[in-house]
Each structure stands twice: as structure tokens, then as C-alpha cells.
Amino acid sequence: MDHIRSFQHHPSSVASSSPRYTQHSVSEHTATLPVNALLLHHLNLNPNSNPNRNRNPLSEQICSLVCQSYYQQTHISFTPPKLLLQLDSESLTHDRAITVVASLAVEAGSMVALSFLYWAIGFPKFRHFMRLYIVSATALIGNKNLERANEVLQRMVKNFAEAGKLKEAVDMVVEMQNQGLVLSTQTMNSVLDATLEMGLIELAENVFDEMCKRGVTPDCATFKLMVVACCNMGGVLEAERWLNAMIERGFIIDNTTCTLIIDAFCLKGYENRIVGYFWKMVEMGLAPNVINFTALIKGLCNQGSITQAFELLEEMVRRGWKPNVYTHTTLIDGLCKKGWTEKAFRLFLKLVRSDDYKPNVHTYTAMINGYCKEDKLNRAEMLLSRMQEQGLVPNANTYTTLIDEHCKAGNFVRAYELMGLMGKEGFSPNIYTYNAIIDSLCKKGSFDEAYGLLHKGSVHGLQADGVTYTIFMSVHCRQKQMKESERLFEEAVSLGLIPSKKTYTSMICGYCRYGITSLAVKLFQRMSNHGCFPDSITYGALISGLCKDSKLDDARNLYDAMMDKGMSPCEVTRLTLAYEYCKKDDSCTAMAVLDRLEKKLWIRTVNTLVRKLCSEEKLEMAALFFHKLLDKDPVVNRVTLLGFMNKCYESNRYGLVSELSERICEGNGKCCHLGCLSCWLDARAS
């Protein structure tokens, strides 16, 4: 029982457990107790006694009150009724409660005893009193009512987990099996659920394994608990593993779980994977509803797979589901993010003319956002007026979208006006609103006004977030104030704000810009500490900085690491690294750097490199790469060729032009002299 023992070392374990349970595992003290001694141990009775012998008139009176309350109520036989006892729980001792529940189980039956137990644990005094649960469960086992005994254990696990005493409850569940109770799947699921509620995924897997070892068969709910927990914690790949195991056993998820899984997978960028699982579940018998379809359509739209999203919409309609306003809003938002605002507006108008659904505030906001991204502020403002005419109140997101775009266009007067309207509508500007204005003010160079606006927000109780700090850090980086940027960075971390990829990239750019590459590398290595992973922009900034600092080997290592991760370096990164090697007359390494690129990128980069080498009058090196270019692509770039020829003529390097002319003319099947090259150029120009 290693997984049970591991509770002792977890911070959520019980600190106040009795010495017997904190020092030994369950298997150890079961070896020292007789099979039926546990109940006697908890009752503090000798083996020859019974609960009825401990009864006194008061206990009998309580039993009578319980029975009276039980039988007076109309209830379904399989549901213990809620007792209405005229009894002061504070005057009821723990020992008397144990005596009462044991006596009721023997004399009045399991349901009456269970009703009293549920009444008692409604009070804090008894809620976490272990002996009461154990006596109740043991008494029910004596009545051969194993289902109700399991029910008691399930309630015990739930209540003890809430108090941070999960280990104590789990130990006792296992002990009860040793006493002869056949643990139900529901009981083990309650242990699993409580473990997962504490975020202990690894321990939950151990509980699952132990469950199987003890002959308890996992059901659909068991797998659902694992899948949902993994999704909620962002462990999509782990969720996928459990989902596969679930499918292999023929279990089908419900619609609610289906939506949760879709959202979790799409959030991590696994849209294509979840589409496959979705249809697999449908084949197995899942009847998808409009919410399931809409969630999947949203994921595809966020990925940019608009065509696939509309195909799914058609399938949804074919199956008899009518898309609602949320489905249409999702598609409108997806079209706008793709830059297809006119198509989005046509769908928007279809919704306006619909008798069933009308655009809501989110639909209008999505459309406004689309127009803002295309700098069509007049249309965005027109939609704002339109929605107000329809009686819809713009929300904070609507206003912030418009404010952001007006700020980018330099219309700060209108931005502040909209900010005022927000307050009148009952929406206080949030940190996103402030960040939109602050960012534009900083880019404009109005740093004092930006800091003043932030101060104004703080007076109203607004807290700066990670984006706010990143904006100001970027400003200080550009102004060569790296010490101030560092101070803000550490301040943000101390406040519990997790630096984003953009934050790190901004700082790395700042260090590289001023030649402090050693600190840039250290910061780059710190990214993973906060769950950040560099992208092509981060890599590019550091590679360029290292090249500028003549640390080409380090830059090359980063470049290779980037390529190994499947990232595509931007043209500046590709060109910078290759050119720096060319400057050192190391054309072989420069070529090796470029050879990792796909053909299209390789051709584009080499063309640019040739022009760059010509501008620096490194004509032999330029000619070398030009010939390599002809080896891969006989279609010569006219701009590159003219640049090369002009520089060669200016430097009296006619021989380089002649050699190149022969290569080109051979490729075109014409005679090999400079005149033909001119003819070739004229032909290409036409």
C-alpha cells in the first residue's frame, strides 16, 4: 500500500491523526488486530460486550425519538429521510451517538440507523468523528446491507477530505474491506474523486491501480473522473491516455464531459485530434447536441480552420440541430479573425433578419473587433450606435476594443470619451482598457501621461497586471534603462505575476540591443522556470544579439536548437547568421546554416544574401552563392542579377559576370557571351 503510505508525506495529509495511523501503514496494523477487533477497538468495548448493554434510559429515549421522526415522514424507502429531532446535539456525547446508531441498526433496521447518522454528521461535532462512521458501517455489514455500508464510507471520505483528512479516511476504507466489506466501485470512485479534488493526479493513478488489484471494477464514472481532472489541470496528453482507455472498454462520455474535453483540447491547440475523438464517440453512440457542435466549431475557428468549421455546421444541421446565436457568433468571430469581415458581415445580417435568433452583445462585439482590425473605425462606430438602438448595452469588452483601436489611430480624445461612457453605463474600465491606452501612449512617447493614467487607475483600486509591467519594461529597454526594467521584472515576479513570453522577449531584446548578451542568455534560460517557452521571435532576438557580439558558435547552437524544435527562423535571423559567417570567410558553415531550410526559404534567403554581399563588395563570395543558387533554381531573380552585375562592372570584375553569363545562357540554350545576357534580361523583363 505504498500509495496510501505516501499520504503521510503530502502537505494535505492529516497532521492530527492518531499515532497508530501516522506511524504505520494500514497493512501493518491489520496484522496486529483480530479480524473483528477494529469495531471493538473504536467502541472501547471488550469482545464479550454488545452495544445494547451500554444503553441507558436516555439512549433508549433518543432511539425512540429517532424512530418516531423516521416513521412520521413520507419518504421513499431507498432514501433516508431528513430527521426532525427535538434534540440538542451539544448534549449528545460521542459515545452515546455510537450506542444509538448501533442499537438502531439492530432493532429498527439499516435505514433508521442511516437516517440518524446523517442527522448527526450534519453537526460539526460529529462530522469528522471517525468512530461514528465505522460503527455505522460495521453495523450495516452485520445487517448484510453492504450497499448502505459502502454509502457510509463514501460520505466519510467526502467529509474527511474536506477537512484535509483524506489519508485517515482512505486507510479506514481499506481496513473495512479487510473486515469483510466488499468495496463498491462507487466507494472507490469517491476516494478517487477526493484525491483528484486535491489535485493529486499521480496519487489518483495509484488509487486506480489499487482499485483494480482489490477486484473493484472501474466503471464509466471512474474514467470520466480521470479524464475531467486531467483536462481541468491542462494535462491534455494525460487526458487523451485515459480517454483511449475509456474508449477501449466501450464507455461513452456524456455531453457535458464532451464539451469540457473539446474545450481543453482546443485550448492546447489539439483541434484536429479532438475532431477524431468526437466522431469516434458519435460512432459509439454519443448523440452530440448544439453545445458540443458549437464548442468544436469554436475550436476550429480559433485554429483558423474556417472551412472545416462550416462543414461541421452543415453536419450539425443535417443531424437536426439548429445553430443558435452562440454558434453564429463563434463563426462571425472566426471569420473576422481570419480577415474575412465582409463574409462575417453577411452572416451577421442573416442573423439580424432571422426570426429565431438576434445578434447579442457578443455578436456585435465580434463584428466591431473585426472592423477595428481592418482599421474601419467608422463601420465599428456605426455598429456601436446600431446595437444601442436595438437596446443592447455594450460591455467592457466592446468599449475596450474600440478604445484600443482609437488609441492606435491616435484618436485619444475619442478613446477618453468612450472610457467616460463606460462609467456611465455602469462598466468600470478594467486593466485591459487601461493597458490599451497606456501601450499607445508609450509608443507615442507620452510616458508621463501613461504613468499618470496608471496612477489614476490604482486610486480606483485597479491592479497592474503582467501586460502592464511588460509595456513599461519595453519602454525602459528602448531607453537604455535596463536597471529599471530589471527592477520592474523582479517586482512583477514578487507580486506573483508570471512573466509571459512577450515579457522575456522584450528583456532579451533590450540586453542584446546594448551588447549585454551574457544576461540575455541567463534570462533565456530562466524562461522555463515560469512555464514560458521561447518562440521564433525570442530565438531570433538572442541569435542576432550573439552574432552582433561575435559569439557565432553560441548563435549557431541556438539556431540548430530552434530548427530541431520545428520552428522556422525569420529572414532576418537566417540572413544575419549566414552573413556573419561569410564575413569571416566561412562560406561552408554559412551554407550549412542555410541548407537546413526548405527550398523556398533557402532560395529567398540566398537571393537576399547575394545582394547583401554585393553591397559589401564581397563579390567572390556573392558569386559562389549565386552559382549555388543556379544549382537549385535555374530561374534567376532579376533584381539579384542586376545588383550583382552592377557591382561587378563598378569593380572591373568582368570575369565573374562572364562565368555567370555562361551558366545562365547554357540553361536557356543560347550562345555564351554578355550580349546574350542582356537579351535574356530583356526577355525576362517582358
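Right, let's walk through the structure included here. (Residues numbered from 1 in each chain as written. Predicted model: local features only at pLDDT ≥ 70, side-chain atom pairs only at ≥ 80, totals over all residues. Heavy atoms only, no water.)

This part is about the packing of helix 30 (residues 501–513) against helix 31 (residues 517–526). Contact geometry of helix 30 with helix 31 gives a least axis separation of 8 Å together with a crossing angle of 165°. Taken together, the axes of helix 30 and helix 31 lie roughly antiparallel to each other. Seen from above, helix 30 lies across helix 31 with left-handed handedness. Between helix 30 and helix 31, the residues in contact are Tyr 504, Met 507, Ile 508, Tyr 511 and Cys 512 and Thr 517, Leu 519, Ala 520, Leu 523, Phe 524 and Arg 526, respectively. Residues that form the contact of helix 30 with helix 31 fall into these classes: 9 nonpolar, 1 polar and 1 charged. (Axes fitted to C-alpha atoms, helices over the stretch in contact; angles between N-to-C directions. Helix = DSSP H or I, 4+ residues; strand = E, 2+ residues; numbered from the N terminus. Parallel < 35°, antiparallel > 145°, perpendicular 65-115°, else oblique. Left-handed = near helix turned anticlockwise from the far one by under 90°. Contact = heavy atoms within 4.5 Å. Nonpolar A, V, L, I, M, F, W, Y, C, P; charged D, E, K, R; others polar.)

It helps to recall that an α-helix has 3.6 residues per turn; residues three or four apart then point in one direction. For helix 28 (residues 466–478), with 13 residues, the first-to-last C-alpha span of 18 Å sits near the 18 Å given by 1.5 Å per residue. Judged by how many residues are buried, helix 28 sits mostly within the fold: 10 of 13 residues are covered. When helix 28 is considered as a whole, its buried residues turn out to be Thr 468, Tyr 469, Thr 470, Ile 471, Phe 472, Met 473, Ser 474, Val 475, His 476 and Cys 477. The inward-facing, buried residues of helix 28 abut helix 26 (431–444), helix 27 (447–459), helix 29 (482–494) and helix 30. (Expected span 1.5 Å × (residues − 1). Buried < 20%, exposed > 50% of the residue type's maximum accessible area, 1.4 Å probe, protein only.)

Moving on: the nonpolar core. In this structure, Phe 116, Leu 132, Met 156 and Phe 625 are the most contacted members of the largest nonpolar core, which totals 206 residues. Excluding residues within four positions of it along the chain, Phe 625 makes contact with Cys 582, Ser 587, Ala 590, Met 591, Leu 594, Val 606, Leu 609, Val 610 and Leu 613. (Core = buried A, V, L, I, M, F, W, Y, C linked by side-chain atoms within 4.5 Å.)

Turning to the environment of Phe 412, a few remarks are in order. Mapped onto the secondary structure, Phe 412 falls in helix 25 (residues 412–424). Exposure remark for Phe 412: the relative accessible area of 11% places this residue in the buried category. Note: C-alpha distance between Phe 412 and Leu 441 (29 residues apart in sequence) is 8.9 Å.

Looking now at unusual backbone geometry. Most of the time, phi is negative for any residue but glycine, and the peptide bond is trans. For Asp 585, which is not glycine, the phi torsion reads 60° and is therefore positive. Examined against the element boundaries, Asp 585 turns out to sit in the loop between helix 34 (571–583) and helix 35 (587–594).

At a minimum axis distance of 11 Å, the contact between helix 7 (residues 110–120) and helix 10 (residues 146–162) shows a crossing angle of 5°. Compared by their axis directions, helix 7 and helix 10 come out roughly parallel. Seen from helix 7, the contacting residues are Met 111, Leu 114, Leu 117 and Tyr 118; seen from helix 10, they are Arg 148, Glu 151, Val 152 and Arg 155. Looking at the contact of helix 7 with helix 10 residue by residue, the class counts come to 5 nonpolar, no polar and 3 charged.

Look at helix 16 (residues 255–267): 18 Å from first C-alpha to last across 13 residues, which is about the 18 Å you get at 1.5 Å a residue. Looking at helix 16, one finds that the buried residues are Thr 257, Cys 258, Thr 259, Ile 261, Ile 262, Ala 264, Phe 265 and Cys 266. The inward-facing, buried residues of helix 16 abut helix 14 (220–232), helix 15 (236–248), helix 17 (271–284) and helix 18 (290–303). Backbone nitrogen of Thr 256 and a side-chain oxygen of the N-cap are separated by 3.1 Å at the start of helix 16; the cap is Asp 254. The positive-phi residue at the C-terminal boundary of helix 16 is Gly 269, with phi of around 85°. (Polar contact = N/O pair within 3.5 Å; in protein donor to acceptor, adjacent residues only side chain to side chain.)

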